[in-house]
Amino acid sequence: MKINLKSGIEQLLFGMKQNDVTAIYGKPDRNYKDEDDNVILVYNKLKMRLTFYQEEELRLGYIVASSPKLELFGNLIIDKPITSVKKELAAKGITKFTQEEFDTFENYFNEENWFILQTEFEEVVKFEIGAIINQKDEFDWKFGKK
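Asker: So what's going on with the overall build of the protein chain? Which residues, and what values?
Answerer: Helix and strand content of the protein chain: 2 helices and 13 strands. Principal-axis analysis of the C-alpha atoms places the extent of the protein chain at approximately 40 × 35 × 30 Å. Residues counted as buried form 40% of the 146 residues belonging to the protein chain. Within the protein chain, residue pairs in contact and separated by at least 24 positions form 40% of the contacts whose partners lie at least 6 positions apart. Here the protein chain contributes 21 positively and 26 negatively charged side chains, and the mean placements of these two sets differ by 8 Å.

Asker: Quick rundown of the pattern of salt bridges? Include the residues and the values.
Answerer: It is possible for side chains bearing opposite charge to pair when their charged atoms get close. Counted under the stated rule, the structure contains 3 salt bridges. Close ionic contact of Glu-57 with Arg-59 constitutes a salt bridge, the shortest N to O distance being 3.4 Å. Assessed through its relative accessible area of 23%, Arg-59 is described here as partly exposed.

Asker: Give me the environment of Tyr-25: which residues, what numbers.
Answerer: Structurally, Tyr-25 can be placed in helix H1 (residues 18-25). The sequence separation of Tyr-25 and Leu-12 amounts to 13 residues, and the corresponding C-alpha distance is 9.6 Å.

Asker: Any details on the pairing of strand S11 (residues 105-110)? Residues and values, ideally.
Answerer: When strand S10 (residues 98-102) meets S11, the two strands line up antiparallel, connected through 5 bridges. Residue pairing in the sheet places Thr-98 in a bridge with Phe-109 of S11. The antiparallel hairpin formed by S10 and S11 contains 2 residues in its connecting segment, where Asp-103 sits at a positive phi of about 50 degrees. In this sheet, strand S12 (residues 115-120) lies alongside S11 in antiparallel orientation, the contact comprising 6 bridges. Note that in S12 the partner of Tyr-108 across the bridge is Leu-117. Counting the residues between successive antiparallel strands, the hairpin from S11 to S12 contains 4 residues, one of them, Trp-114, with a positive phi of roughly 50 degrees.

Asker: Describe helix H2 (residues 82-90), naming the residues involved and giving the relevant values.
Answerer: Buried residues of H2: Ile-82, Val-85 and Leu-89, and no others. Projected onto a plane normal to the axis of H2, the buried residues spread over an arc of 65 degrees and lie on a single side. Within H2, the exposed residues directed more than 90 degrees away from the buried face are Thr-83 and Lys-87. For H2, the elements touching its buried residues are strand S8 (71-72), S11, S12 and strand S13 (123-130).

So, how was this worked out
Residues numbered from 1 in each chain as written. Predicted model: local features only at pLDDT ≥ 70, side-chain atom pairs only at ≥ 80, totals over all residues. Heavy atoms only, no water. Helix = DSSP H or I, 4+ residues; strand = E, 2+ residues; numbered from the N terminus. Buried < 20%, exposed > 50% of the residue type's maximum accessible area, 1.4 Å probe, protein only. Contact = heavy atoms within 4.5 Å. Lys, Arg positive; Asp, Glu negative; His and termini not counted. Charge placed at Lys NZ, Arg CZ, Asp CG, Glu CD. Salt bridge = Lys/Arg side-chain N within 4 Å of Asp/Glu carboxyl O. Pairing = 2+ DSSP bridges. Arc of directions from axis to C-beta.

In short, geometric facts, not functional conclusions.
Below is the structure:
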């Protein structure tokens, strides 16, 4: 499952609507709304949670994934030591991370590409990626662009 920085994961592109996603992946295992009325679709087999922003005409804006098949620049990242993943990313010019700790988890946030590597016990357990906000302070939707 290829991570496409600033765009999405595999066939998922930021800006898709729910029907675009279900046309590709079928009916989700769960479908609910969060406290902000955003729609969340959960796909157990893919190990992904997709957030469709209510204030953005229910466009896909955020993905949380933990599949062991996730690849970034051709390298698997889940269950790998964070030091190895950061070294692989540094080779691609991605070196800036804001680090946050809570309980046994640590988040490594890269603002330029709007993603988080979440670790527990120094291994990556989750990957989160969000749609990029452009210079005009608007979401840079990738779906439907040529």
